[in-house]
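Here's the letter readout for the chains.
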Amino acid sequence: MMRFFDTCLWSLTLLTCLLSTLNIFHGRGVMAFHDIHHKLYETNSVENVKQVYRTGYHFQPKKNWMNDPNAPMYYKGFYHLFYQYNPKGAVWGNIVWGHSVSKDLINWIPLEPAIVPSKPFDRYGCWSGSATILPGDKPVIVYTGIINEKPEPGHQVQNYAIPANYSDPYLQKWIKPDNNPIIKPIHENVSSFRDPTTAWFNNGHWKLIVGSKSDLRGIAYLYRSRDFIKWTKAKHPFHTKNDIGMWECPDFYPISSQGTNGLDTSTLGNDVKYVFKASLDLTRFDYYTIGRYNLVKDIYVPDNTSVDGWAGLRYDYGNFYASKTFFDPIKKRRILWGWANESSTRSEDIAKGWSGIQLIPRKVWLDHSGHSLLQWPIMELESLRGQKKQLNNVKIKKGGTFEVKGINVVQADIDVTFTFLSLDKAELYDEKWKDLPSENLAKSICGIRGTTVQGGLGPFGLLALASSKLEEYTPVFFRVFKKAGGKHKVLFCSDATPSSLNKNEYKPSFGGFVDVDLREKKLSLRSLIDHSVIESFAEGGKTVISSRVYPTLAINENAHLHLFNNGSEIITIERLNAWSIKTAHIN
Ligand SMILES: *[C@@H]1O[C@H](CO)[C@@H](O)[C@H](O)[C@H]1NC(C)=O
Ligand SMILES: *[C@@H]1O[C@H](CO)[C@@H](O)[C@H](O)[C@H]1NC(C)=O
Ligand SMILES: *[C@@H]1O[C@H](CO)[C@@H](O)[C@H](O)[C@H]1NC(C)=O
Ligand SMILES: *[C@@H]1O[C@H](CO)[C@@H](O)[C@H](O)[C@H]1NC(C)=O
Ligand SMILES: *[C@H]1O[C@@H](CO)[C@H](O)[C@@H](O)[C@@H]1NC(C)=O
């Protein structure tokens, strides 16, 4: 019964409390409760049911299902975010374009859905798309319309929409002209032909790409237009790769090889490299390569330093999909939006009345190696920082933990630098691991070793959303390995396995490697914690992992935050800055 009281003391409503109690004692989903007390659930508004997992500063609609971010842009003083939205429920379906605007990318004003099925060319759905700002500050959206439910998942075409009133900075009304669709599949697979990108301009043409596949070949088709209305398919795909599956939500943009500023999508130049990203339908991760744009052939060619395939670089090694970038002309940066789906069950999502969040927008730029990207939460987030806790030079021995107190640990921003005296104790990298599937190598090792197998240099890091007796916690940590030949390999994990006593949730041990020079004997970590999401950035954003977690005990005042070390090398918290993050005004 102790648990009952722990859980219930802070409870928003008795119902919330009963729901979590049922979870604890029966290890069953909320649905069990829902089944038995159907009436009770129905008479309560969504606002009262199971809202402990709603985020305080991550974007989400008031209720219902959300997936891909669409057409992010800046227009006349406002940032716009559109998103795939089901206005009728907490599961995927009835897709329209939800719409919100913001002055700072953190606080959002909700508007009416901007694009909804209404015409023959989008009657069965308005799926993902992108915005392009045409000369004269004229935004245009290109999106995928579903014209028939068959063949599954729907017959897809590309349409455009323009603002009804360019003087309205909210861009509330959009017109879908009758000369749509502007791009139709001819030889392409009609049910795998979607998600047009932002267009770029060169050689007298607008160009955009559409994601597709043929059998297992991922394909980005290139289309060209002089007037944005009449589009012609290029002879060669812009990029293609076999044995990979459908490319959803492709994204293509230039990136400066110097500095952290972003570039407008149409920028070409000597100091410019390019990023190509695809969301892989089969693995459900966003992969990117860094490469060149061959202007003669009008094709993208990844650098030989970028792995092009399932084992390639990911923006994020956790819950992160269908991302999209845009160029912010005000702060001259490129900003990345990504969707994090729920790791709870469908019936739990229905019971809580919502599903899906957008992660904090990230600034992206090229690492000085030129081989990978760096990502960092936009600086505007810092305006929500409240109470602060600082630590310096705290040493943690093997098996030790150190609790960070004095901030609101369920809505927090933690920035910490770990140091150690030597690399000598790093544990040996097991050569047998070469037999693990390469696209999931880091994740597998995080799962095999976790935090409970004690190591040499690591595991060390944070125990986020921890309950008082560590019945639940989400560790975010490093483990350093020594390979034959003396090279080191740094593993970064965000392990949802111990995060919740609820047995129904998806609790993966997400992981990625961090390409870092350890000569300074330092590793840094920043984590954004927000009730049911933990977004973690290793080494200034070289490797990022977002995890969705649903503790049953470690909620609100009952949650704790610890630093820990489970390796024989003593770890020093050289510096820790931690802040409570205030609740943003979101929709
Ligand atoms: C267009 O938007 C402006 C600014 O919001 C508004 O003043 C004007 O009335 C709108 N025009 C129409 C035709 O709705
Ligand atoms: C076309 O796409 C559909 C939907 O994913 C798939 O079932 C079908 O096999 C695809 N056809 C080819 C030739 O790839
Ligand atoms: C990779 O490409 C660079 C030039 O872009 C070239 O100098 C280098 O030899 C290539 N490496 C391999 C292994 O092909
Ligand atoms: C550290 O390792 C010990 C021994 O395996 C284990 O009991 C303990 O739970 C570990 N600590 C963490 C935070 O996982
Ligand atoms: C998010 O949910 C989990 C658990 O159901 C699935 O395993 C993932 O594939 C899914 N991710 C996406 C991008 O849909």
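Calculation criteria
Residues numbered from 1 in each chain as written. Chains lettered and ligands numbered in written order. Predicted model: local features only at pLDDT ≥ 70, side-chain atom pairs only at ≥ 80, totals over all residues. Heavy atoms only, no water. UniProt positions renumbered as here; feature names shortened; annotations may be inferred. Near = heavy atom within 4 Å. Areas by Shrake-Rupley, 256 points an atom, 1.4 Å probe, with all protein chains shown as cover. Phe/Tyr/Trp six-rings, centres within 6.5 Å; stacked < 30°, edge-to-face > 60°. Helix = DSSP H or I, 4+ residues; strand = E, 2+ residues; numbered from the N terminus. Buried < 20%, exposed > 50% of the residue type's maximum accessible area, 1.4 Å probe, protein only. Lys NZ or Arg CZ within 6 Å of the ring centre and 35° of its normal. Pairing = 2+ DSSP bridges. Disulfide = S-S within 2.5 Å. Salt bridge = Lys/Arg side-chain N within 4 Å of Asp/Glu carboxyl O.

An unreviewed UniProt entry annotates the protein chain as Beta-fructofuranosidase originating from Tagetes erecta. Recorded in UniProt under Sequence similarities (unreviewed entry), the annotation for the protein chain is "Belongs to the glycosyl hydrolase 32 family."

### Quick look at the site of ligand 1
Taken together, Asn165, Ser167 and Asp168 form the complete shell of residues around ligand 1. Relative to its unbound accessible area of 360 Å², ligand 1 is 27% covered by the protein chains.

### Notes on the packing of aromatic side chains
In total, this model carries 45 aromatic pairs according to the counting rule given. Relative to Tyr293, the ring of Phe252 lies with its centre 5.5 Å away and its plane at 90°, an arrangement referred to as edge-to-face. With Phe252 in strand E15 (residues 247-256) and Tyr293 in strand E17 (residues 285-294), this pair connects stretches of sequence that are 41 residues apart. In this pair, the class of Phe252 matches that of Tyr293, namely buried. Members of the aromatic cluster, joined through ring pairs, are Trp200, Phe238, Trp247, Phe252, Tyr274, Phe276, Tyr293 and Tyr300. Of note, Arg385 hangs over the ring of Trp579, and the distance from its end group to the ring centre comes to 3.6 Å.

### Remarks on the sheet that holds strand E7 (residues 155-163)
Within the open sheet, the four strands sit side by side as E5-E6-E7-E8. Their pairing is antiparallel. Only two strands of the sheet have a single partner each, and these edge strands are strand E5 (126-134) and strand E8 (174-175). One ladder, built from two bridges, connects E7 with E8; its direction is antiparallel. The residue of E8 that forms the bridge with Ile162 is Ile175.

### A short note on the sheet that holds strand E2 (residues 78-86)
Hydrogen bonding along the main chain pairs the strands of a sheet, whether they run parallel or antiparallel. Taken in spatial order, the five strands of this open sheet run E4-E3-E2-E1-E22, and their pairing is mixed. If you trace the sheet from one side to the other, it starts and ends with strand E4 (109-115) and strand E22 (354-355), each paired once. Across four bridges, the pairing between strand E3 (residues 96-102) and E4 is antiparallel. For Val101, the partnering residue across the bridge sits in E4 and is Ile109.

### Regarding the state of the cysteines
According to the stated counting rule, one finds one disulfide in the structure shown. Linked covalently through their sulfurs, Cys446 and Cys493 form a disulfide whose S-S length is 2.1 Å. Since a negative S-S torsion denotes a left-handed disulfide, the Cys446-Cys493 link at about -85° is left-handed. Residue Cys446 is located in helix H6 (residues 441-449), and its partner Cys493 is located in strand E32 (residues 488-495); the two are separated by 47 residues in the primary sequence. The pair formed by Cys446 and Cys493 is uniform in burial state, with each residue classed as buried. In this structure Cys249 is a free cysteine whose sulfur lies 15 Å from that of Cys126, the closest cysteine sulfur available. Among the residues examined, Cys249 registers a relative accessible area of 2% and is labelled buried.

### Focus: the pattern of salt bridges
In this structure the tally under the stated criterion is 29 salt bridges. Notably, a salt bridge pairs Asp367 with Lys542, separated by 4.0 Å at the nearest N-O pair. Taken as a pair, Asp367 in the loop between strand E24 (362-366) and strand E25 (373-377) and Lys542 in the loop between strand E35 (533-538) and strand E36 (543-548) lie far apart in primary sequence, 175 residues in all. Residues Glu382 and Arg385 are paired through a salt bridge, measuring 4.0 Å at the closest nitrogen-oxygen approach.

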